[in-house]
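Spelled out, the chains give:
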Amino acid sequence: MPANGTVLRAYRREDLDGVIEVFQRAVREVASRDYDPDQIAAWSKVDRAEWDEYRLRCPTWVAVRDARIVGFSDLEPDGHLDMMFVHPDCQRTGIATMLLERVERAARDRSLGIVFTEASLTARPFFLARGFEIIMRQNVVAGGETFLNFRMRKRIV
Ligand SMILES: CC(C)(COP(=O)(O)OP(=O)(O)OC[C@H]1O[C@@H](n2cnc3c(N)ncnc32)[C@H](O)[C@@H]1OP(=O)(O)O)[C@@H](O)C(=O)NCCC(=O)NCCS
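Just so it is clear, the model here is predicted, and its values are computed rather than measured.

What follows is about the nonpolar core. In globular proteins that are soluble, nonpolar side chains generally tend to be buried together. Counting residues in each nonpolar core, the largest one holds 31 residues, and the members touching the most others are Phe72, Ile95 and Leu99. Among the elements that line this core, the one with the most residues is helix α4 (residues 95–109), at 6 residues. Every residue in contact with isoleucine 95, bar those within four places of it in the chain, is listed here: Asn4, Thr6, Ala63, Val70, Gly71, Val86 and Cys90.

Structural data, given as structure tokens:
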């Protein structure tokens, strides 16, 4: 087991409530320092049936510590990393780094060449620290709110 006591494994259907909890807590308790309350309310809204379907369709990895899901990430077939979320109690302990290494390995196995994402203001320092470059700033509309985020990418060799 790595030093931070966390192991990674592939997502299973019974992980759904665990990943939703990590997502909502990370948005409400961590990303809330960079976005306003209306944005956070819109972002953290979850359609459970939609999530269930999408998580089974999109290759996803979960980070498990003390038998509890503490983070997750994914990789769509075109190299798009859609989600990277870590539980508020476990920030800055290397969990996202472990997940990103797993995502990059999957991208390499599939000869994708590039991984790209739309990083929140909150996640931008993490992706920059892990070798991503900013392609552009953009405003995206979701749930009736406008969010500033950053299209970022990393070449995978
Ligand atoms: C972004 C996020 C996934 C990072 O997860 P994490 O497990 O805390 O990241 P790591 O511990 O692997 O960080 C690795 C490195 O990234 C950089 N980094 C991470 N968070 C940072 C921050 N807030 N400020 C500055 N640098 C940061 C640091 O260099 C860090 O290394 P260090 O801790 O040794 O200095 C997490 O903060 C999160 O869930 N944020 C809220 C949700 C969100 O916005 N998700 C992304 C949606 S696009």
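Our focus in this paragraph is the site of the ligand. In the vicinity of the ligand lie 20 residues, with Ala96, Thr97, Ala123, Pro125 and Ala129 positioned nearest. Where the shell around the ligand is concerned, the elements lending two or more residues are β4 (84–86), α4, β5 (114–120) and α5 (124–129). Along the lines of polarity and charge, the residues of the shell around the ligand split into 13 nonpolar, 6 polar and 1 charged.

The subject of this paragraph is the packing of helix α1 (residues 16–29) against helix α3 (residues 48–57). As a packed pair, α1 and α3 sit with axes 11 Å apart at the nearest point and diverge in direction by 110°. The orientation of α1 relative to α3 falls into the category roughly perpendicular. Classified by chirality, the crossing of α3 by α1 is right-handed. In this structure, α1 contributes Leu16, Val19 and Ile20 to the contact, and α3 contributes Arg48, Trp51, Asp52 and Arg55.

A few words now on α4. The end-to-end C-alpha distance of α4 is 21 Å, a good match for the 21 Å that 15 residues give at a rise of 1.5 Å each. Of the surrounding secondary structure, the elements contacted by the buried residues of α4 are β1 (6–10), β2 (60–65), β3 (68–74), β4, β5 and α5. Positive backbone phi, at 50°, marks serine 111, one or two positions downstream of α4.

Conventions and cut-offs
Residues numbered from 1 in each chain as written. Predicted model: local features only at pLDDT ≥ 70, side-chain atom pairs only at ≥ 80, totals over all residues. Core = buried A, V, L, I, M, F, W, Y, C linked by C-beta atoms within 7 Å. Buried ≥ 20, exposed ≤ 12 C-beta atoms within 10 Å, placed from the backbone. Helix = DSSP H or I, 4+ residues; strand = E, 2+ residues; numbered from the N terminus. Contact = placed C-beta atoms within 7 Å. Near = placed C-beta within 6 Å. Nonpolar A, V, L, I, M, F, W, Y, C, P; charged D, E, K, R; others polar. Axes fitted to C-alpha atoms, helices over the stretch in contact; angles between N-to-C directions. Parallel < 35°, antiparallel > 145°, perpendicular 65-115°, else oblique. Left-handed = near helix turned anticlockwise from the far one by under 90°. Expected span 1.5 Å × (residues − 1).

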